[in-house]
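# Structure at a glance
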Amino acid sequence: MAKISIDIKEGKIADEKDLIIGIDLGTTNSLVAFMKDGEPIAVKGKNGKGTLVPSVIHFAKNGKVIVGDQAKEKLISDPQNTIYSVKRLMGKSYNDVENHQQYFGYKIIDEDTESLVKIRVKDRFYTPIELSSFILKELKQRIENELNRAINKAVITVPAYFNDAQRQATRDAGKLAGLDVLRIVNEPTAASLAYGLGLSKGDNQTIAVYDLGGGTFDISILRIQDGIFEVLSTNGDTFLGGDDIDRAIIDHWIGSCNIDRDSLHANDNLNQEFRLTAEAAKKSFSKNDHFSKILNGYHLELSKSTFEKLVEPIADKTIECCRKAVKDAELDISEIDKVIMVGGSTRTGLIKEKVSQFFKLEVNDDLDPDEVVALGAAIQADVLAGNQKNVLLLDVTPLSLGIETVGGLMDTIVPRNSKIPSKVGRQYTTSIDGQKNLRISVFQGERDLVEHNRKLGEFILKGIPPMPAGLPKIEIHFILNADGILKVKAQELRSKVEQEIEIRSQYGLSEEEMAKMLIESIQNAEEDMNIRGLLEARNEANNILLSAEKFLKQNDKILTLEEKNITLSLAEKLKTAVAGDDKDLINKTMDELNEYTSPLAHRAMDVNIAKAMKGKKVGE
Ligand code: ADP
Ligand code: MG
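Summary of the structure given here. Every chain begins its residue count from 1, and numbering advances along the sequence as written. Chains carry letters and ligands carry numbers; both start at the beginning, A for chains and 1 for ligands, and go up in the order they are written. Only residues with pLDDT of at least 70 are given local features in this predicted model, and only at 80 or more are side-chain atom pairs given and counted; all residues enter the totals for whole chains, interfaces and linings. Values shown for side chains rest on all heavy atoms present in the structure; no hydrogens or waters enter the calculation.

### Points about the pattern of salt bridges
Here a salt bridge means any side-chain nitrogen of Lys or Arg lying within 4 Å of a carboxyl oxygen belonging to Asp or Glu. In this structure the tally under the stated criterion is 22 salt bridges. A salt bridge links Asp316 to Lys354, with the nearest nitrogen and oxygen atoms 2.8 Å apart. Of this pair, Asp316 sits in helix α10 (residues 304-328) while Lys354 sits in helix α11 (residues 349-359), placing them 38 residues apart in sequence. A network of salt bridges, in which partner residues are shared, links Glu312, Asp316 and Lys354. Helix numbers and strand numbers start at the N terminus; a helix is a DSSP run of H or I with at least 4 residues, a strand a run of E with at least 2.

Structural data, given as structure tokens:
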């Protein structure tokens, strides 16, 4: 397999010694790591402080944006202007988070429940992507200071359960921070890499990655086979973590010292002191058996055995998640070969014991649980950079692989520079009612239109049971083995009909030709983007025309003659625009049609509902 990478911005073959960094963008803490003399190391702060950067952003009065430890200090004194847990909001709409609004101390905007959330700070709105980019910028700066050179390429980790929108949001945050995100890697995969798992051929095992952080718990079961990481199952609790242990300790002190809960909660500073003291107590039990401190006249005591009683219910909850994850992976506990501990909260001895007991295995905890994900990301970055010559993962696909979708667009499934072997799946559906066959055309290249890319082959998935358009779930898998042979598999999930072909993706392409295709794609990027915009506008317009037609047919009696005529003439106008190639005109005409018909649609809906209710008595 070829190893060429191209600097997209410069349009030239990238420097071999380009350093790609690994970033763990966490809910509570984030950190950055890189490879030095063949070993991953996490970067410390300026004054030699730790490697963790609290994922907290503070907007100071002077307009400055502060990230990390200093921002964390503002959580209590200036909560409206201090943002934490942004990761929970990535790729989410207000609908997704409304039940948790009270969890956030800052303002989440709810003007439009369907669209992505925004956060209000002072008189500006920020998307979670922008906010995350502040954290990434801080990390970028940290490593640039350390190494005294510019850095612009990164691998960023995300939880295994992150969906496409959340991954894309993370990627965009990287872009905003001035980082070319070469790969989004699953956190459990990174943790496994840090332990050296999956880095050599024939390394076949099943791994449980137990990650208990500040506010979230994730358990992932992975299968590693010939360097391919497959997530068999994930489970967890998005509101369970070290913070809950801190709260349990405070509750314990409230009881043991007879503290008035309301007056404690009313006193921000004291409240914060208690939180910090509880966290300090918790951490002390990694080394000591007893904790005591006098705070504001209260004698706060905690023995290790009492502490463990407080931790136990939290630990048990995580074990229940582990049980479910193993079951969902359709495995028996004895089939798990290794357990890896990730996240600061796994330092608590009782947690380790419980996990070890459950899996009947000694847990892997040699690496710093705070750093392990970032270290793994740095290893993945090094692999992508082509530095791990003896490693199977070294191989990458030199050109993107994808399929043709509506309008002749290239839908990339395996991006350029993806490691091989690899296996990627994506779901599609039909666009016509009752569609029985689906043609799957496989292409290689970087251009937005398949006609500019190279066709590798095609096949037809036959025998899809007739269903309305959009209902069939067709999963297409690209499986790229270590020898560069691509297998494309398509399956309709409801009926299980499937079809596959094998393609030798490299066959016939010289390195020169590949380089040429890449350079062309860069040179044509702008033009391609315009064409893509046009095609997308056309697709959308066609869909709207179809629904307008349907709407007119279904509501013939409700609409006045004038309304019908105006709708028809706007639809005609749109059809004319679609036939041309002015993207802006299509969009504008589409908006006109939409704007005109939307009140009509509301009225029709009201009439239809009223009709449906007519004659029905309450209580019937
Ligand atoms: P995240 O992945 O959510 O960003 P981390 O993995 O950084 O979170 O974990 C942060 C949590 O780990 C905090 O709740 C912190 O109190 C806890 N923690 C850190 N060190 C210890 C320790 N020695 N003992 C127990 N908990 C710890
Ligand atoms: Mg984490």
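### Focus on the nonpolar core
Formed by 47 residues in total, the largest nonpolar core has its most connected members in Tyr210, Ile219, Trp253, Phe274, Leu302, Val355 and Phe359. Ranked by residue count, the leading element in this core is α10, at 10 residues. Setting aside its immediate chain neighbours within four residues, Trp253 contacts Asn258, Ile259, Phe274, Thr277, Ala278, Ala281, Phe291, Leu300, Glu301 and Leu302. Residues belong to a common nonpolar core when they are buried Ala, Val, Leu, Ile, Met, Phe, Trp, Tyr or Cys residues joined through side-chain atoms within 4.5 Å. Here's how the labels work: a residue is buried when its accessible area is under 20% of the maximum for its type, exposed when over 50%, partly exposed in between, all with a 1.4 Å probe on protein chains only. In this analysis, two residues are considered to be in contact whenever any of their non-hydrogen atoms come within 4.5 Å of each other.

### Brief notes about the sheet that holds strand β10 (residues 107-109)
One key point about sheets: their strands pair by backbone hydrogen bonds, in either a parallel or an antiparallel sense. Strands pair, by our definition, only if DSSP identifies at least two bridges between them. Here we have 3 strands laid out as an open sheet, ordered β10-β11-β12, and antiparallel in their pairing. Both edges of this open sheet fall to β10 and β12 (124-126), since each of them pairs with a single strand only. Across the sheet, the mean angle from the axis of one strand to that of its neighbour is 40°, orientation sign disregarded. Alignment of strand β11 (residues 118-121) against β12, held across 3 bridges, turns out to be antiparallel. Opposite Arg120, over in β12, you have Phe125 as the bridge partner. Orientation is described by axes fitted as lines to C-alpha atoms, over the contacting stretch for helices, and by angles from 0 to 180 degrees between their N-to-C directions. Taken strand by strand, helix α4 (residues 128-147) contacts β11 and β12, and its axis lies near 80° from that of β12.

### Some details on helix α9 (residues 268-284)
If you check α9, its first and last C-alpha atoms are 24 Å apart, about what 17 residues at 1.5 Å a residue would give, namely 24 Å. The set of residues buried in α9 consists of Leu270, Asn271, Gln272, Phe274, Thr277, Ala278, Ala281, Lys282 and Ser284. Any helix carries an expected span of 1.5 Å times its number of residues minus one.

### Side note on the packing of aromatic side chains
Note on aromatic contacts: the rings of Phe and Tyr and the six-membered ring of Trp form a pair at centre separations within 6.5 Å, being stacked when their planes are under 30 degrees apart, edge-to-face when over 60 apart, and tilted otherwise. With the rule as written, the count across this model stands at 9 aromatic pairs. Ring plane angle 80° and centroid distance 5.9 Å describe the contact between Phe59 and Phe134, whose orientation is recorded as edge-to-face. Of this pair, Phe59 sits in strand β7 (residues 56-59) while Phe134 sits in helix α4, and the two are 75 residues apart along the sequence. Taken individually, Phe59 and Phe134 each receive the classification buried, so the pair is uniform in this respect. An angle of 25° between the planes, with centres 6.1 Å apart, marks the rings of Trp253 and Phe291 as stacked. Placement of Trp253 in helix α7 (residues 242-256) and of Phe291 in strand β18 (residues 290-295) is noted, with a sequence separation of 38 residues between them.

Shape descriptors only; they carry no functional weight alone.
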